[in-house]
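An overview of the molecular structure
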Amino acid sequence: MPPGAVPPPTDPWAAPADPAPRRRSRAWVWIASAAAVGLLVGGGSVASLGGLDVLAGASDPVRSASLADVGRTETDQVPVSGSSTENPNWQAVASAVQASVVAIDVQTQSGGGQGSGVIIDDDGHVVTNNHVVAGAQGNVQVTLTDGRMLEAEVVGTDASTDLAVLQVVDAPDDLQAAAFGDSDDVTVGDPVMAVGNPLGLANTVTTGIVSALNRPVSTQEVGGEAAVTNAVQIDAAINPGNSGGPLFDATGRVIGITSSIATLSQQSGSIGLGFAIPVDLARNIAAQLIEDGQAEHAFLGVTLSDGTATADGVTRRGAVVESVSEGSPAAEAAVQDGDVIVAIGDDPVGGAESLTAFVRSLTSGDDVTLTVVRDGRAVELDVTLATRPDDFGQSQPGQGDEGQGEQAPDDQGEGEGEQPAPDPGDEGTMPGGMTPEQFWEWLQEQQQQEGQG
């Protein structure tokens, strides 16, 4: 190269080219640059700086840069090629989906809070949990994986499903939306990956499997409406701050929104019992919130308690109908007090929360078949769900506040909406209806009895 000429620009991150005669490799240039710096520090003259610039291929020691490019990486197309349920490639999945996950910071009257979210379209809409943004004062802050900090406003919230949608203000053109899967394709044992902002540690990835499906989980913000979900149970570690983050399958598609964990105490974190809102429900509610700012919910019109029923020589758990609201879909379908609902469609009902969650995942106008045990005989009743009246049961939480299968307040002394919200940061109800505190007290009692025996 003639003296004083500037080498053509090259990509410092590209794979090194095949060696050619009498040509210095890029790696040698970097080593030489380091040696020149050493000479300069060791007492070289200022003129050495000019030599360093020419050697490194720069004509000006100060070059323009862009904050928009800091932290950005290329990502694969979703679904991720070469990754499958049978042979997941989590490195490839993480690289492909990380740009669609955001960390969320919220300021409320009681202080600050953190959570996670997932970008769902090019317009900058972000899905998260209602309890992440509930009580937010002003706009919230979302941070992209590459470190860019953006403002977002709350578009709509839905306490019944613990979902919310944000809109990034002046959304940049390069936002990457996540790809969504199908709840019907999720099966127990599938590998999954959770991505979020636990304890403020953004871009955290954890993996595990689907432990169970249709797991009834009831949560509630203090003074708010209870959220009941037939959740996807997972053993991937999620902790405070993961709330609202996406749960991905092995192909990089969102199959749920992580929302809660079961814990043994306020101090304990993940114990391998995490729960995610199914993607079909999240997608349905998000679409309504974006369109109208609020969501409608299906309405059955009964209050319930847990119980069992026997028919055809088989005993099953079910939801006992305590009362039927006049003029409701349940009344029109001839549902009666004392009926025990043991299935909705092909799905077995394990109790009051289970039926509530199934109905809440449906939409107004859906036709469903209830399998009911009445007087020792199993019968089927066809029901067309309606839209819940806005003022239905609002004065008495736990007694038809959704009008679709709520626990009566005398059921084990705990009606729906009387238990603490188990966000992956708060506490949750344990399977079987016990809160973590009740389970802990029961466990201590058992240990004391064993010690006395």
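All of these numbers come straight from a predicted model, not from anything done at the bench. Counting of residues starts from 1 at the beginning of each chain's written sequence and follows it residue by residue. With the structure being a predicted model, the display of local features is reserved for residues of pLDDT at least 70 and the display and counting of side-chain atom pairs for 80 or more, all residues being used for whole-chain, interface and lining totals. Hydrogens and water molecules were not included; the side-chain quantities draw on all heavy atoms of the structure.

**Focus on the pattern of salt bridges**
Within this document, salt bridges are pairs made up of a side-chain nitrogen of Lys or Arg and a carboxyl oxygen of Asp or Glu, the two lying within 4 Å of each other. By the definition in use, this model includes four salt bridges. Here R374 and D339 are joined by a salt bridge, their closest N and O atoms 2.7 Å apart. Of this pair, R374 sits in strand β19 (residues 367-374) while D339 sits in the loop between α6 (329-332) and β17 (340-344), and the two are 35 residues apart along the sequence. Using a relative accessible area of 1% as the deciding quantity, one classes D339 as buried. One salt-bridge network, in which partners are shared between bridges, spans D146, R148 and D174. The helix count covers DSSP runs of H or I at least four residues long, the strand count covers runs of E at least two residues long, and both are numbered beginning at the N terminus. The rule is simple: take the accessible area with a 1.4 Å probe, protein chains only, and divide by the maximum for that residue type; under 20% is buried, over 50% is exposed, in between is partly exposed.

**Some remarks on the environment of E151**
Counting through the fold element by element, E151 comes out in strand β5 (residues 149-158). Separated by 17 residues in the primary sequence, E151 and V168 place their C-alpha atoms 5.9 Å from one another. Within 3.5 Å is the distance limit for a polar contact, defined as a pair of N or O atoms, with the added protein rule that one can donate a hydrogen and the other accept it, and that residues adjacent in sequence qualify only through two side-chain atoms. Polar side-chain contacts of E151 include one of 3.2 Å to the side chain of N139.

**Some thoughts on the nonpolar core**
Buried Ala, Val, Leu, Ile, Met, Phe, Trp, Tyr and Cys residues that are joined via side-chain atoms within 4.5 Å together make up what is termed a nonpolar core. Residues V118, V127, L163, M193, F248, V254 and I257 are the most contacted members of the largest nonpolar core, which totals 26 residues. When residues in this core are grouped by element, the largest group, six residues, is from helix α5 (residues 279-292). Only heavy atoms enter the contact rule, under which two residues are in contact if any of them lie within 4.5 Å. Discounting residues that sit within four places of it in the chain, I257 has contacts with V118, V127, N129, L163, G244, G245, P246, F275, A276, I277 and A282. Formed by 23 residues, the second largest nonpolar core is a distinct cluster that contains A319, V335, I344 and L370.

**Some remarks on the sheet that holds β5**
Following DSSP output, two strands are said to pair if at least two bridges run between them. Taken together, the six strands give a closed barrel; going around it, the order is β1-β2-β3-β6-β5-β4, and neighbouring strands pair in antiparallel fashion. Shown here is a sheet whose adjacent strand axes are inclined to one another by a mean of 40°, direction ignored. Note on method: axes are straight lines fitted to C-alpha atoms, helices fitted across the in-contact stretch only, with angles between N-to-C directions ranging 0 to 180 degrees. Sitting on the sheet, α5 is in contact with β3 (125-128), β5 and β6 (163-168), with an inclination near 55° to β6.

**What about helix α3 (residues 90-97)?**
Where α3 is concerned, the buried positions are A92, V93, A94, A96 and V97. Buried residues in α3 make contact with β1 (101-108), β8 (191-196), β9 (204-220) and β11 (246-248).

**Quick look at the environment of A94**
With respect to the element layout, A94 can be found in helix α3. Given a relative accessible area of 19%, A94 falls into the buried group. Taking the C-alpha atoms as reference points, A94 and V195, 101 residues apart in sequence, are found 8.4 Å from one another. Once residues within four sequence positions are removed from consideration, A94 is found in contact with M193 and V205.

**What about the pairing of β6?**
In terms of burial, β6 is largely enclosed, as six of its six residues are buried. The side-chain alternation of β6 yields two buried faces, one formed by L163, V165 and Q167 and the other by A164, L166 and V168. Relative to β6, β5 is paired through six bridges, and the arrangement is antiparallel. Paired with E153 across the bridge in β6 is Q167. If you look at the hairpin formed by β5 and β6, you'll find four residues sitting between the two strands, and D162 has a positive phi there, around 60°.

**Describing the pairing of strand β13 (residues 274-278)**
Counting buried positions along β13 yields five of five residues, so the element is predominantly enclosed. Taken together, the three bridges between strand β10 (residues 226-234) and β13 define a ladder with antiparallel strand orientation. Considered in β13, the bridge of Q233 is made with F275. Bridge analysis of strand β12 (residues 253-261) against β13 gives five bridges, and the strand direction is antiparallel. Across the sheet, the residue bridging to T258 is A276, located in β13.

**Concerning the confidence of the model for the protein chain**
Looking at the protein chain as a whole, its pLDDT mean stands at 78, while 68% of the residues score no less than 70. The pLDDT value tells you how sure the predictor is about a given residue, anywhere from 0 up to 100. Residue range residues 9-58 is modelled with pLDDT below 50. Its contacts to residues more than four positions away, or to other chains, number 21 contacts. The model gives residues 393-432 a pLDDT under 50, and that stretch makes 154 contacts with residues more than four places away or in other chains.

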